[in-house]
Amino acid sequence: MKDVIVWIGAGQIGMAIARRVGYGKKIVIGDRSLANAERAATTLREAGFDCTATEADLSSRESILSLIATAQSFGEIAMLINSAGVSPSQAPIATILKVDLYGTAVLLEEVGKVIKRGGVGVTISSQSGHRMPALGAEADELLATTPCEELLSLEMLQEGNIRDTLHAYQMAKRCNVKRVMAEAVKWGERGARINSISPGIIVTPLALDEFNGPRGDFYKNMFAKCPAGRPGTADEVANLAEILLSERGAFITGSDFLIDGGATASFFYGPLKP
Ligand SMILES: NC(=O)c1ccc[n+]([C@@H]2O[C@H](COP(=O)([O-])OP(=O)(O)OC[C@H]3O[C@@H](n4cnc5c(N)ncnc54)[C@H](O)[C@@H]3O)[C@@H](O)[C@H]2O)c1
């Protein structure tokens, strides 16, 4: 039986990663949009990969469990790629928190329970989470360790404390990074590793929605004034993911990697400073 990759979020970043690491494995592709999952599966199949598409909603534990069960019907889960998510211009606050924050926490927990010994995973966070000031040790610990089903009841995530969809997204992505740290300890008990990647602006349908959304000028200015002077590509994110998911990354777990063309550096110490 082949090793299985669970890949949720059949967008451009996930596709670039799956192409790097998926050959010779069974790739089970889940997406809220079955059409997106099937399109990704067709593209990969036509390039010689072995994959199956299924509908899966990151915001639902039931759906995540069903995705895991589908994956296990093909063999042991050896790898997780979580590249599902909604951006600040794509959804209201409640949806962003349910998908990006709660859903990611549940996925890491559930895959962590069954990942093969020596298995590995990556979840896509965002540079956005790096722009907020430190939340403090207590808030960090709550984000890292609160049981998943209680996460959305945390005081800091209640209506009056979340300013807008961008703030919700930043909190979700900060939470992803903290969750990865806490989960890395549990995954380690199975000899498995989990890390996150925080990309800057990467040209994908999600980023195009941002360019055309209410913060379009803000985003265009962001890449124009970052040290790289341009947005990144999904393939550049995959360069990093490939290392993390391979044996070359064997000593890396519980970490987050910023890959943003220097936008965060410029935000704190350069022309992007607010
Ligand atoms: N593109 C960027 O500039 C950028 C920057 C930082 C972080 N990210 C993050 O990268 C990840 C991947 O985004 P992308 O840029 O490849 O976008 P994309 O639009 O190409 O792909 C996102 C995919 O996630 C799916 N999805 C959305 N909600 C879902 C849900 N509830 N359950 C399952 N699937 C769902 C969408 O249908 C889509 O196929 C997201 O978490 C996003 O927040 C993207």
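For the structure itself, look to the data block above.
A brief structural summary. (Residues numbered from 1 in each chain as written. Predicted model: local features only at pLDDT ≥ 70, side-chain atom pairs only at ≥ 80, totals over all residues.)

## Some points on the overall build of the protein
And then number 1: Looking only at helices and strands, the protein has eleven helices and seven strands in total.
And then number 2: The C-alpha atoms of the protein give a radius of gyration of 18 Å, which matches the 19 Å a tight globule of 274 residues would have.
And then number 3: Oriented by its inertia axes, the alpha-carbon framework of the protein measures out at about 55 × 40 × 35 Å.
And then number 4: When the 274 residues of the protein are sorted by exposure, 49% land in the buried category.
And then number 5: A sequence separation of at least 24 residues applies to 76% of the contacts in the protein between residues at least 6 apart. (Helix = DSSP H or I, 4+ residues; strand = E, 2+ residues; numbered from the N terminus. Rg over C-alpha atoms; globule rule 2.2 N^0.38 Å. Buried ≥ 20, exposed ≤ 12 C-beta atoms within 10 Å, placed from the backbone. Contact = placed C-beta atoms within 7 Å.)

## Comments concerning the site of the ligand
And then number 1: Near the ligand there are 30 residues, and of these Gly11, Ile13, Gly85, Thr204 and Leu206 occur at the shortest range.
And then number 2: When contributions to the shell around the ligand are tallied by element, the ones reaching two or more residues are helix H1 (12-21) and helix H8 (205-211).
And then number 3: Looking at the shell around the ligand residue by residue, the classes come out as 15 nonpolar, twelve polar and three charged. (Near = placed C-beta within 6 Å. Nonpolar A, V, L, I, M, F, W, Y, C, P; charged D, E, K, R; others polar.)

## With respect to the pairing of strand S4 (residues 77-82)
And then number 1: Of all six residues making up S4, six are buried, and the element is well covered by its neighbours.
And then number 2: One ladder, built from four bridges, connects S4 with strand S5 (residues 120-124); its direction is parallel. When the bridges of S5 are listed, methionine 79 appears paired with valine 120.
And then number 3: After leaving S4, the chain enters helix H4 (residues 93-114) and then returns to the sheet as S5, a path that is right-handed. (Pairing = 2+ DSSP bridges. Right-handed = clockwise from strand over helix to strand, strands pointing away.)

## A short note on the nonpolar core
And then number 1: Counting 80 residues, the largest nonpolar core has Ile5, Val6, Trp7, Ile27, Val28 and Ile29 as the members making the most contacts within it.
And then number 2: If one sorts the elements of this core by residue count, H4 sits on top with eleven residues.
And then number 3: Filtering out sequence-adjacent residues up to four positions away, isoleucine 5 remains in contact with Gly22, Lys25, Ile27, Val28, Ala78, Met79 and Ile81. (Core = buried A, V, L, I, M, F, W, Y, C linked by C-beta atoms within 7 Å.)

## Some points on the pairing of strand S1 (residues 4-8)
And then number 1: In terms of burial, S1 is largely enclosed, as five of its five residues are buried.
And then number 2: Sheet topology places S1 next to S4; five bridges connect them, and they run parallel. Residue pairing for S4: tryptophan 7 is matched across the bridge by isoleucine 81.

## A closer look at the packing of helix H5 (residues 137-145) against helix H7 (residues 165-188)
And then number 1: As a packed pair, H5 and H7 sit with axes 7 Å apart at the nearest point and diverge in direction by 70°. Put simply, H5 runs roughly perpendicular to H7. Seen from H5, the contacting residues are Asp140, Leu143, Ala144 and Thr145; seen from H7, they are Arg174, Cys175, Lys178, Arg179, Met181 and Ala182.
And then number 2: Of the residues that constitute the contact of H5 with H7, the class distribution is five nonpolar, one polar and four charged. (Axes fitted to C-alpha atoms, helices over the stretch in contact; angles between N-to-C directions. Parallel < 35°, antiparallel > 145°, perpendicular 65-115°, else oblique.)

## Comments concerning helix H3 (residues 61-72)
And then number 1: The terminal C-alpha atoms of H3 lie 16 Å apart, and with twelve residues this matches the ideal 16 Å at 1.5 Å per residue to within 8%.
And then number 2: Looking only at H3, the buried set comprises Ile64, Leu67, Ile68 and Ala71. For H3, the buried positions fall inside an angular range of 95° around the axis, keeping them on one side. Within H3, the exposed residues directed more than 90 degrees away from the buried face are Glu62 and Ala69. (Expected span 1.5 Å × (residues − 1). Arc of directions from axis to C-beta.)

## A few points about the sheet that holds strand S2 (residues 26-31)
And then number 1: Here we have seven strands laid out as an open sheet, ordered S3-S2-S1-S4-S5-S6-S7, and parallel in their pairing. Edge strands, defined here as strands with exactly one partner in the open sheet, are strand S3 (50-55) and strand S7 (256-259). If you compare each strand with its neighbour and ignore which way they point, the axes differ by 20° on average.
And then number 2: On top of the sheet, H4 reaches S1, S4, S5 and strand S6 (193-199); it is set at about 170° to S4, its chief contact.
And then number 3: Taken strand by strand, H7 contacts S5, S6 and S7, and its axis lies near 165° from that of S6.

## Details of helix H10 (residues 234-245)
And then number 1: Over its twelve residues, H10 extends 16 Å from the first C-alpha to the last, a length consistent with the 16 Å expected when each residue adds 1.5 Å.
And then number 2: Turning to H10, its buried residues number three or more, namely Ala234, Val237, Ala238, Ala241, Leu244 and Leu245. What you see down the axis of H10 is that its buried residues fit within an arc of 115°, all on one side.
And then number 3: Residues of H10 that are buried make contact with H1, S4, S5, S6 and S7.

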